[in-house]
Amino acid sequence: MKRPKPQPGLPSRQQILDFIANSEEPAGKREIARAFGLKGQEKIQLKALLKDMAEEGLIDGNRSAFHRMGGVPKVTVLRVVGTDDGEAVAVPDNWQPEDAVPPPRLRLIEQRKQQALRVGDRVLARTEETATGWIAHPMKKLPARTEQVMGVVEIDGAGKGWLAPVDKRERHSQPIADLGGAEAGQLVLAEPAGKSPRAGVKVTDVLGDPLAPKAFSLIAIHKHGIPYGFTPEAIDEAQRAAKLPLSKDHREDLRHLPIVAIDPSDARDHDDAIWAEPDGEGGFRAVVAIADVSFYVRPGGALDRAARERGNSVYFPDRVVPMLPEVLSADVCSLRSGEDRAAMACHMTIAANGKVTDWRFTRALVRIDEVIAYEEAQRRIDAGDAAPHLVNLWEAWRALERARNDRDPLELELPERRVKLDDAGRITEIALRERLDAHRVVEDFMIAANVAAAKALESKVAPIVYRIHEPPNREKLMSLKDYLATFERKFTLGQVITPGLFNRMLKDVADEAEKALIMEAVLRSQTQAYYGPRNAGHFGLALGSYAHFTSPIRRYADLLVHRALVDGFGLEQPEPRVDVPARSGLADRDRNDLSRISDAISAAERRAMEAERETIDRYVAAWLSARVGEVFECRVTGVQKFGLFATIISLGGDGLVPVSTLGDERFHYDERAKVLVGESGQTRFAMGDRLRLRLAEANPLTGALKFEPEDHVGASIEPRGRPLQMPLKKRGQHLVGKRGRPANIRHQGRGKKR
């Protein structure tokens, strides 16, 4: 790096930030002083300046290595926490920024000669911030640091204890040097007993029965470091906030409207409700009422810090880890029927063609007419006995649906698994959630309100946390092009890439099995959605401006949007008489640096989705553990040289079919076509194949399933009649979930999850 030419006097803050950002070596106080030619008294002044910059939130680190606040040092120690599309992902090993913001995630660019990295490994690495995120180049692997691991105690025939992993990516048990009173079969926390891996681990905490109710979610909470429980200060502030008086003198009174909340039957909270009626001109007037969380959760307090740290609520089959204490999330903020509630109201005018032509935002007082389950709302509409206000909602939705069809957003069939438990926490059923028009009604109203919030803030030139889903990058489109070529289908990279292009591609595929394959390929080509202050549009929804406004009980991003609306539209109310922070608009720190908090809540979202998905996998494995040996109809969802990944069509349970079980012959892996071909040329396995597979193993602790072909040869349900160089075409059903799919698609078309 070319050093700046020394100038007399101290450098400016910006000059220091530029030097730190561009330095190819750790930039500490000594390096900064040398770069700017500082001597004597100037070095003392530099020390004070660097301290001020750290207190102002501009930089972080210590005198030997500074970096931009919210960033990562040029050379630092990283800890591997998982994988993404086959690449290791790491976080800074010692991350202690202000407000407990989740650490940035870095993709590790490993060299072939380097030893493969596993979850928990620590490395010294050079880091780099690119347009698509942080990457790191490992320099050397470091010794393991003492930290807790979770596992289940096993005792072998010789009486020796072993710690069995609860992570499916970990295949090896560790010897236990000190059981600490733990018994065989118990779920425990342990830490290394010495510097060498051979020293084993020692048990520090006994958590109990790993197969007991709520144990699966407990495993995910510990593994992903999800904040659980609130400080006494946060609880105390929440209880004071819950007593804030609701005065109709300072709110628009909408209690006369028959507003309804349509939610899942097992919803833990109700943060949105809708109403619509014809406007007499072919269109509709509509109100989307959202819980006014910003009225209760003010920036700067202990309650706000707890919500920032969490980023979002995390939903498991047996429990919810809420973003806010229960007195708010499940009571005062939840839009219960028949009770007065504080709401942020989005008033919309919907034209006959479904276009939203006008909107305004107010703080309102609402009284929900009814909370209805999706299934019940659909039943009433189908039976023709729905109340007029429910019929009006459906008619208004038909208009919104026309606008949605004109917009042509990405349409992918992605059913969601649902785990039902009894009162004792035992599994009673696992099935795929049925997709109803009632879901689409709520979804399209929520999308319309989210767009209105983004555009309303844009009209005020106000700070916005956008929900961003960028178009696929060229590298992923090249991979898609190569894959489609194996179907003799052309995909031109020079054309404008739109969601409708993918939709038309799928509509042109008549064969259901081939459509499932192409749908999977399109899904894998998509980027991951994230939050950010600079608008890049929402590709999947085919929208130019999009923000999350409709779920502030469970998403901090929505709370930030509410606060921006309070500021932008002058909705601040008189200072409350209860002892809570006074302002309900944006804090200055968020207004001045939305990038930092946006990165943090994006990381928290990914953490929550991984934890939720892994917990569902564990429940599915537990459900299937009593059915080992049964044969299921499955679809191949992935092909690798070591075997197949397959999904049970009726349940969505994912598992591995090792190549060793596919027959006596050797198999060749065609990476371009993603197929395994037997050396005889007669046996072939490709993504989308439907197979009858026998469940060989089901491990509830890790969520891992293992299959083998019913006949140990691997014959599919239908004979293959196509040339070997082409993927197979067979009848099939829509793709269900696949491990490792891009997380942004699963809920991006929904205004709400639960």
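Residues numbered from 1 in each chain as written. Predicted model: local features only at pLDDT ≥ 70, side-chain atom pairs only at ≥ 80, totals over all residues. Heavy atoms only, no water.

**Quick notes on the overall build of the protein**
In terms of regular secondary structure, the protein is built from 18 helices and 33 strands. Taking all 754 residues of the protein together, 52% fall into the buried category. Restricting to contacts in the protein with at least 6 residues of sequence separation, those with at least 24 account for 68%. Approximately 33,700 Å² of the protein is accessible, and the part contributed by carbon and sulfur atoms is 47%. (Helix = DSSP H or I, 4+ residues; strand = E, 2+ residues; numbered from the N terminus. Buried < 20%, exposed > 50% of the residue type's maximum accessible area, 1.4 Å probe, protein only. Contact = heavy atoms within 4.5 Å. Areas by Shrake-Rupley, 256 points an atom, 1.4 Å probe, with all protein chains shown as cover.)

**Examining the pairing of strand β7 (residues 133-142)**
A regular strand places its side chains so that they alternate between the two faces of the sheet. As judged from the three bridges shared by strand β5 (residues 106-108) and β7, these two strands associate in the parallel manner. Looking at the pairing, Leu-108 lines up with Ala-136 of β7. With nine bridges connecting them, strand β6 (residues 122-130) and β7 associate as antiparallel partners. Paired with Arg-122 across the bridge in β7 is Leu-142. Here β6 folds back onto β7 in antiparallel fashion, the turn holding two residues. (Pairing = 2+ DSSP bridges.)

**Side note on the pattern of salt bridges**
Throughout the structure, instances matching the rule amount to 43 salt bridges. With its nearest N and O atoms 3.9 Å apart, the salt bridge here joins Arg-433 to Asp-266. Within this pair, whereas Arg-433 is found in the loop between β23 (427-432) and α11 (437-459), its partner Asp-266 is found in the loop between β14 (260-263) and β15 (272-278), the two being separated by 167 residues in sequence. Accessibility expressed as a relative area gives 32% for Asp-266, which makes it partly exposed. The partner of Glu-710 in a salt bridge is Arg-692, and the shortest N-O contact between them spans 3.1 Å. Within this pair, whereas Glu-710 is found in the loop between β33 (704-709) and α18 (744-748), its partner Arg-692 is found in strand β32 (residues 690-699), the two being separated by 18 residues in sequence. By sharing partners, the salt bridges in this structure join Glu-370, Glu-376, Arg-379, Arg-380 and Asp-385 into a single network. (Salt bridge = Lys/Arg side-chain N within 4 Å of Asp/Glu carboxyl O.)

**Side note on the packing of helix α10 (residues 388-407) against α11**
For the pair α10 and α11, interaxial distance at closest approach is 9 Å and the crossing angle is 70 degrees. In terms of orientation, α10 lies roughly perpendicular with respect to α11. The chirality of how α10 crosses α11 is left-handed. Residues Leu-393, Trp-394, Ala-396, Trp-397, Arg-398, Leu-400, Glu-401, Arg-404 and Arg-407 of α10 lie in contact with α11, whose contacting residues are Asp-437, Ala-438, Arg-440, Val-441, Glu-443, Asp-444, Phe-445, Ile-447 and Ala-448. Considered class by class, the residues forming the contact of α10 with α11 number 10 nonpolar, no polar and eight charged. (Axes fitted to C-alpha atoms, helices over the stretch in contact; angles between N-to-C directions. Parallel < 35°, antiparallel > 145°, perpendicular 65-115°, else oblique. Left-handed = near helix turned anticlockwise from the far one by under 90°. Nonpolar A, V, L, I, M, F, W, Y, C, P; charged D, E, K, R; others polar.)

**Focus on the confidence of the model for the protein**
In this model, the protein carries an average pLDDT of 83, and 86% of its residues clear a pLDDT of 70 or more. Within the protein, the lowest mean pLDDT, 31, falls on α18, and the highest, 98, falls on strand β16 (residues 284-291). Confidence over residues 713-754 falls short of pLDDT 50; this stretch has 145 contacts with residues more than four positions distant or in other chains. (pLDDT = per-residue confidence, 0-100.)

**Some thoughts on a positive patch on the surface**
A surface patch of positive charge is lined by Arg-30, Arg-34, Lys-39 and Lys-43. Here Arg-34 is to be found in helix α2 (residues 29-35). (Patch = residues over 30% accessible without salt bridge, like charges linked within 9 Å, V, L, I, M, F, W, Y side chains within 5 Å. Lys, Arg positive; Asp, Glu negative; His and termini not counted. Charge placed at Lys NZ, Arg CZ, Asp CG, Glu CD.)

**So, unusual backbone geometry**
Backbone geometry places Asp-408, a non-glycine residue, at a positive phi of 60 degrees. Here Asp-408 shows up in the loop between α10 and β22 (417-421). For Val-461, which is not a glycine, the phi torsion comes out positive at approximately 50 degrees. Here Val-461 is to be found in the loop between α11 and β24 (466-468). You can call Val-461 exposed: its relative accessible area is 76%.

**Observations regarding the nonpolar core**
Core analysis: the biggest nonpolar cluster contains 91 residues, and Tyr-296, Phe-445 and Phe-549 have the highest contact counts within it. Per-element tally for this core: the top contributor is α11, with 12 residues. Residues in contact with Tyr-296, not counting those within four places in the same chain, are Ala-241, Ala-242, Leu-244, Leu-246, Leu-303, Leu-328, Val-332, Cys-333 and Ala-342. Phe-487, Ile-518, Ile-616 and Leu-691 belong to the second largest nonpolar core, which has 52 residues in total. (Core = buried A, V, L, I, M, F, W, Y, C linked by side-chain atoms within 4.5 Å.)

**Re the pairing of β16**
Among the eight residues that make up β16, seven are buried, leaving the element largely enclosed by the rest of the structure. Between the end of β15 and the start of β16, which pair antiparallel, lie five residues, with Gly-280 showing a positive phi angle near 80 degrees. Pairing between β16 and strand β19 (residues 340-350): eight bridges, direction antiparallel. Bridging across to β19, Ala-286 finds its partner in Met-348.

**Here's the deal with the packing of aromatic side chains**
Tallied over the full model, the rule gives nine aromatic pairs. Judged by centre distance (6.0 Å) and plane angle (70 degrees), the rings of Phe-19 and Phe-36 are edge-to-face. In this pair, Phe-19 sits in helix α1 (residues 13-22) while Phe-36 sits in the loop between α2 and α3 (41-55), placing the two residues 17 residues apart along the sequence. A residue is classified by how much of its surface remains accessible, and Phe-19, at 3% relative accessible area, is buried. Aromatic side chains Phe-491 and Phe-502 sit 6.3 Å apart centroid to centroid with 15 degrees between the ring planes, which places their arrangement in the stacked category. Highlighted residues: Phe-491 in the loop between α12 (474-485) and α13 (499-507) and Phe-502 in helix α13, separated in sequence by 11 residues. Comparing Phe-491 with Phe-502, the two get one shared label, buried. Taken together, the ring pairs connect Phe-361, Phe-549 and Phe-569 into an aromatic cluster. One cation-aromatic arrangement involves Arg-251 over Phe-295; the distance from NZ or CZ to the ring centre is 4.7 Å. (Phe/Tyr/Trp six-rings, centres within 6.5 Å; stacked < 30°, edge-to-face > 60°. Lys NZ or Arg CZ within 6 Å of the ring centre and 35° of its normal.)

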